[in-house]
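Listed below are the residues making up each chain.
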Amino acid sequence: MADRLTIGEFSRITHLSIRTLRRYHEQDLLVPAEVDPATGYRYYAPAQVRPALTIRRFRELDLPLADLRRFLEAEPGGRGEAGHDAAQQVVAAHLRRLEDRLGRTQRAVQALRELLDPEAERTVSLEVLSPQRVLAVSLDVPPGADLSWYDDAMRDLDAAAGQRPVLPPGGRYEHRLFTEGHGRATVYLPAEASPAPGAPATVRELRLPRRTAVVATHSGPHDDLDLTYGAVGSFAARNGLRSHDLVEEVYLVGPRETDQPDRWRTLVAWLLAPDTDPRPTGTHV
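Note that the coordinates shown come from a computational prediction; the quantities given were computed from them, not determined experimentally.

Moving on to the pattern of salt bridges. Inspection of the entire model under this criterion finds 16 salt bridges. Close ionic contact of R4 with E34 constitutes a salt bridge, the shortest N to O distance being 3.2 Å. A residue pair is termed long-range when its members are at least 10 positions apart, and R4 in the segment before β1 (5–6) and E34 in strand β2 (residues 34–35) qualify at 30 residues. Residue R4 is classed as partly exposed on the basis of its relative accessible area of 34%.

Dropping the structure here:
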């Protein structure tokens, strides 16, 4: 074969070790252009340099082997536009995963810096929340459940509200939903009117009482929502305020309003026992 390269030569050109090239061959990711049947020596073509380096980059970026194989099967010349599109879909999906991972890492670093900064503080206050009429869906969240229960509840609430304008949605959650992974949850939409005709049977009218809470407004995605919970909960504990074993979240700005998580705003209200002194006192923690 003209212009064939030994595995050693190919290794020097690509900076891929001979061991790595052998592994790529065993995994059917990069098959040599020729394998001598007598000696078993592997030979490569210069045209394989670019694919070899592409495979290396994908593996460095943790592209799963199954996805990498789909890319390699779709990408070669001669597969036409459909093959190229399929290959690009594999790449685009993995880049989105990498961007999501990078975003989580960056937010974790920001949260850690805040935790390590003794001067960092989140603003909290003791406030009285006014009575409110809402449409609500209440349910017992089972152990190991994902957040699909919240999406289902919001879908039913939207159907019950119809086209009428409503205030931001919220939810009331038992503390054991977080401490034990299961518990009672009530998702709600503020609404003065009754449910629309044909509303799902899961929706009921509910009047939230006047309630006292330690509150804070959380900015951004919920990756570090635990920091805001820590702020309101520790304030209540330090001041001897008895918990009502409920926390309330109001999604002032969320995915319904914007696809930019940095713009989300979530009110976190650590509900206190009904006999708590309701005099509001703004403070920091």
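Summarising the model, the chain shows a mean pLDDT of 88, and 93% of its residues fall at 70 or more. Scored below 50 in pLDDT, residues 280–285 shows 20 contacts in the model against residues more than four places distant or in partner chains.

Bringing a nonpolar patch on the surface into the picture now. Where nonpolar side chains cluster on the molecular surface, the patch consists of L112, L115 and L116 and spans about 340 Å² of accessible area. Here L115 shows up in helix α5 (residues 80–116). Classification of L115 by relative accessible area gives exposed; the value is 58%.

Formed by 33 residues in total, the largest nonpolar core has its most connected members in W149, L157, Y173 and V214. For this core, the secondary structure elements donating two or more residues are β4 (123–129), β5 (132–141), α6 (148–161), β7 (183–190), β9 (211–219), α8 (225–238), β10 (243–253) and β11 (265–272). Here this core gets 7 residues from one element, more than from any other, and that element is α6. Ignoring any residue separated from it by four or fewer positions in sequence, one finds L157 in contact with L135, A136, V137, V187, Y188, L189 and V203.

Sheet strands line up and pair through hydrogen bonds in the backbone, either parallel or antiparallel. With antiparallel pairing, 3 strands are arranged side by side in an open sheet as β1-β3-β2. Each of the sheet's edge strands pairs with one partner strand only, and the pair in question is β1 and β2. With 2 bridges connecting them, β1 and strand β3 (residues 42–44) associate as antiparallel partners. Its bridge partner lying in β3, T6 is registered against Y43.

Of all 10 residues making up β5, 7 are buried, and the element is well covered by its neighbours. Strand direction decides the pairing type here: β5 and strand β8 (residues 204–208), joined by 5 bridges, are antiparallel. Bridged to L135 within β8 is E205. In this structure, β5 lies alongside β7, joined through 8 bridges in antiparallel fashion. Bridging from a neighbouring strand, V137 pairs with V187 of β7.

About the cut-offs
- Residues numbered from 1 in each chain as written.
- Predicted model: local features only at pLDDT ≥ 70, side-chain atom pairs only at ≥ 80, totals over all residues.
- Heavy atoms only, no water.
- Salt bridge = Lys/Arg side-chain N within 4 Å of Asp/Glu carboxyl O.
- Helix = DSSP H or I, 4+ residues; strand = E, 2+ residues; numbered from the N terminus.
- Buried < 20%, exposed > 50% of the residue type's maximum accessible area, 1.4 Å probe, protein only.
- pLDDT = per-residue confidence, 0-100.
- Contact = heavy atoms within 4.5 Å.
- Patch = residues over 30% accessible without salt bridge, like charges linked within 9 Å, V, L, I, M, F, W, Y side chains within 5 Å.
- Areas by Shrake-Rupley, 256 points an atom, 1.4 Å probe, with all protein chains shown as cover.
- Core = buried A, V, L, I, M, F, W, Y, C linked by side-chain atoms within 4.5 Å.
- Pairing = 2+ DSSP bridges.

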